[in-house]
Amino acid sequence: MSLAPLAERMRPTTLDNYIGQKHIVGDGAILRNAIKSGILPSIILWGPPGVGKTTLANIIAHQLKRPFYSLSAINSGVKDIRDVIDKAKGTGMFAQANPILFIDEIHRFSKSQQDSLLGAVEKGTVTLIGATTENPSFEVISALLSRCQVYILKHLDKTDLLDMLDQAITTDTELKRKKITITENEALLRLSGGDGRKLLNVFELVINAIGGNEVEITNEKVSGIVQQNIAIYDKAGENHYDIISAFIKSIRGSDPNAAVYWLARMIEGGEDPSFIARRLLILASEDIGNANPTALVIANNCFQAVNVIGFPESRIILSQTVIYLATSAKSNASYMAINEAMQAVQQKGDQPVPLHLRNAPTKLMKDIGYGKEYQYSHGYDNNFSSQEYLPDAIKGMKFFEPGNNAREKELRAFLKQRWGDKYGY
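So, how was this worked out
- Residues numbered from 1 in each chain as written.
- Predicted model: local features only at pLDDT ≥ 70, side-chain atom pairs only at ≥ 80, totals over all residues.
- Heavy atoms only, no water.
- Helix = DSSP H or I, 4+ residues; strand = E, 2+ residues; numbered from the N terminus.
- Buried < 20%, exposed > 50% of the residue type's maximum accessible area, 1.4 Å probe, protein only.
- Contact = heavy atoms within 4.5 Å.
- Areas by Shrake-Rupley, 256 points an atom, 1.4 Å probe, with all protein chains shown as cover.
- Pairing = 2+ DSSP bridges.
- Axes fitted to C-alpha atoms, helices over the stretch in contact; angles between N-to-C directions.
- Salt bridge = Lys/Arg side-chain N within 4 Å of Asp/Glu carboxyl O.
- Patch = residues over 30% accessible without salt bridge, like charges linked within 9 Å, V, L, I, M, F, W, Y side chains within 5 Å.
- Core = buried A, V, L, I, M, F, W, Y, C linked by side-chain atoms within 4.5 Å.
- Parallel < 35°, antiparallel > 145°, perpendicular 65-115°, else oblique.
- Left-handed = near helix turned anticlockwise from the far one by under 90°.
- Nonpolar A, V, L, I, M, F, W, Y, C, P; charged D, E, K, R; others polar.
- Phe/Tyr/Trp six-rings, centres within 6.5 Å; stacked < 30°, edge-to-face > 60°.
- Lys NZ or Arg CZ within 6 Å of the ring centre and 35° of its normal.
- pLDDT = per-residue confidence, 0-100.
- Expected span 1.5 Å × (residues − 1).
- Arc of directions from axis to C-beta.

Of the regular secondary structure elements, the chain holds 21 helices and 7 strands. Dimensions of the chain, computed from C-alpha atoms along their principal axes, come out at roughly 85 × 55 × 45 Å. For the chain, the proportion of its 425 residues judged to be buried stands at 42%. In the chain, the proportion of contacts linking residues at least 24 apart, taken out of those at least 6 apart, comes to 72%. Carbon and sulfur atoms form 52% of the exposed surface of the chain, whose accessible area is close to 22,900 Å².

Let's shift gears to the sheet that holds strand 1 (residues 43–46). The strand order across the open sheet formed by 5 strands is 2-3-4-1-5, and the pairing between neighbours is parallel. On the outer flanks of this sheet lie strand 2 (68–72) and strand 5 (149–152), each paired with one strand and no other. Within this sheet the neighbouring strands show an average axis-to-axis angle of 20 degrees, counted without direction. Pairing analysis gives 4 bridges linking strand 1 to strand 4 (residues 127–132), with the strands arranged parallel. Across the sheet, Ile43 pairs through a bridge with Ile129, a residue of strand 4.

What the rule picks out here adds up to 20 salt bridges. A salt bridge links Glu286 to Arg252; its shortest N-O distance comes to 4.0 Å. With Glu286 in helix 16 (residues 273–288) and Arg252 in helix 14 (residues 240–252), this pair connects stretches of sequence that are 34 residues apart. Because the salt bridges share partners, they merge into one network encompassing Glu134, Glu139, Arg278 and Arg279.

A few words on a nonpolar patch on the surface. A grouping of Tyr374, Tyr376 and Tyr389 is seen on the molecular surface, where their side chains present a nonpolar patch of about 330 Å² in accessible area. If you trace the backbone, Tyr376 turns up in the loop between helix 20 (363–367) and helix 21 (406–419). The exposed category is assigned to Tyr376, whose relative accessible area is 53%.

Let us now look at the environment of Leu280. When you line up the elements, Leu280 lands in helix 16. Between the C-alpha atoms of Leu280 and Phe247, which are 33 residues apart in sequence, the distance is 9.8 Å. Contact partners of Leu280, with chain neighbours within four places excluded, come to Phe247, Ile251, Ala299, Cys302, Leu318, Thr321, Val322 and Leu325.

Right, let's get into the nonpolar core. Ranked by size, the top nonpolar core spans 28 residues in total, and within it Ile180, Leu188, Phe203, Ile217 and Val222 carry the most contacts. Of all the secondary-structure elements, those providing two or more residues to this core are helix 1 (6–9), helix 9 (158–171), helix 10 (186–192), helix 11 (196–210), strand 7 (214–217) and helix 12 (219–228). Per element, the largest residue contribution to this core is 7 residues, and it comes from helix 11. Those residues within four positions of Phe203 in sequence are excluded, and the remaining contacts are Leu6, Leu165, Ile169, Leu175, Ile180, Ile182, Leu188 and Ile217.

Glancing now at the packing of helix 16 against helix 18 (residues 314–326). Helix packing geometry: the angle between the two helix axes and the distance between the axes. For the pair helix 16 and helix 18, the least separation of the axes is 11 Å and the interaxial angle reads 15 degrees. Viewed along their axes, helix 16 and helix 18 adopt a mutual orientation that is roughly parallel. The handedness of the crossing between helix 16 and helix 18 is left-handed. Residues Pro273, Ile276, Ala277, Leu280, Leu283, Ala284 and Ile288 of helix 16 form the contact with helix 18, whose participating residues are Ser314, Leu318, Thr321, Val322 and Leu325. Partitioned by chemical class, the residues of the contact of helix 16 with helix 18 number 10 nonpolar, 2 polar and no charged.

Summarising the element assignment, Thr133 is placed in the loop between strand 4 and helix 7 (136–139). For the pair Thr133 and Val84, spaced 49 residues apart in sequence, the C-alpha to C-alpha distance is 23 Å.

Evaluated as defined, the whole model comprises 6 aromatic pairs. Chaining the aromatic ring pairs together yields one cluster made of Phe384, Tyr389, Trp419, Tyr423 and Tyr425. The side chain of Lys398 reaches across the aromatic face of Tyr425, ending 4.9 Å from its centre.

This next bit is on the confidence of the model for the chain. Across the chain, the average pLDDT comes to 87, with 94% of residues at or above 70. Between residues 231–238, whose pLDDT stays under 50, and residues either more than four places distant or in other chains, the model counts 11 contacts.

Our focus in this paragraph is the pairing of strand 2. Alternating positions in strand 2 separate cleanly, Tyr69 and Leu71 being buried on one face and Phe68, Ser70 and Ser72 remaining unburied on the opposite face. Sheet analysis places strand 2 next to strand 3 (residues 100–104), joined by 5 bridges and oriented parallel. Counted as the bridge partner of Leu71 is Ile103 from strand 3.

The next thing to look at is helix 19 (residues 333–348). Relative to the 22 Å expected for 16 residues at 1.5 Å per residue, helix 19 spans 22 Å between its end C-alpha atoms, a close match to the ideal helical length. If you check which residues of helix 19 are buried, you get Ala333, Ala337 and Ala344. An end-on view of helix 19 places all buried positions within 40 degrees of arc, on one side of the element. Tucked inside the fold, the buried residues of helix 19 contact helix 21. Positive phi appears at Gly349, one or two residues downstream of helix 19, with a value of about 75 degrees.

The subject of this paragraph is the packing of helix 15 (residues 256–268) against helix 18. At a minimum axis distance of 9 Å, the contact between helix 15 and helix 18 shows a crossing angle of 150 degrees. Put simply, helix 15 runs roughly antiparallel to helix 18. When the axes of helix 15 and helix 18 are compared, the crossing they make is right-handed. Where helix 15 approaches helix 18, its residues Pro256, Ala259, Val260, Leu263 and Ile267 are matched on the opposing element by Arg315, Leu318, Ser319, Val322, Ile323 and Ala326. The residue makeup of the contact of helix 15 with helix 18, split by class, is 9 nonpolar, 1 polar and 1 charged.

Below you can see the structure in the form of structure tokens.
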């Protein structure tokens, strides 16, 4: 009988042994209190890989003593969902509380698959626990999202990761047989990237490679062993976030050769083409923006085409788009502008809309001055009026700073001609 991986052997079964996420399951935290009360709404656990989403779902079901059903969005369809819901209905007739349905990678479910969950969640036939690495605002349909509480799980910090290693060394049956000394831990922590499962997988790989009953772990040994076993280290796709980071940074850095290489790595690793295309769509605005507005059009067309065609042919469309974006002029001016504007909203609060910009659908609103002094831009030379559009408290504040590229130099000149020195263009 083969031994389960260390990460699986170390999976906790109670909240007291659960490491990390103290902001939601620590003493007095909101989710722990909900579990203690036994009153648990349907929830979405959103966070990166290896931070305990699946483990937390199992612990919740165990502590609440509820029937537990699990589906993976990768290999489950509408029929599988209906079968589980039918079983849950049968179980619910004899149980005091409704069963828990855990769906891993719920962001991979299509709209129709998510729709098939709605009735059961709304009626309380099941309590849904969905796990996702993607922003549920974009990946979970609004009707289902509105029926769930979203809890954000964070990367494990250094203390959490070291606690996890100590727990493994002192409690795992296999590791307790060895004398393990961690002389240096920086390489282990760096390779983990805040992912507990990844940390334990690397740790086990290193221990097995060193062999013997006395094991000393140093940075040099860890780095060397992982490099020699890179295929083993990568086979489960644990470099997902490292590779997508390298991919995005290569495009941002205008290196099409590196960008296509990382694209190939993702394709060979079985990455969802929609995930890749979605990242390109974001990048087209965040890193290129108005330096080349066509980039967003190209990226959007790529996203639609990939969803229509799928692999293997969509690899060509992705490659074309990646090369186009990598060789495009770059600007993060739009990205910075919205960040600056949101910061102003947070710092200055909800400033009143100037009277001349307000809508006046009723006579009373007109009588008290709503819209009275508004100047219709098309009634002026060059379709422009230099009236004030910002609230008084922040008038003259500049959020958009055009980048140093041909297109945005034109925009700077345009704004300078219109607004003079008001915004410092």
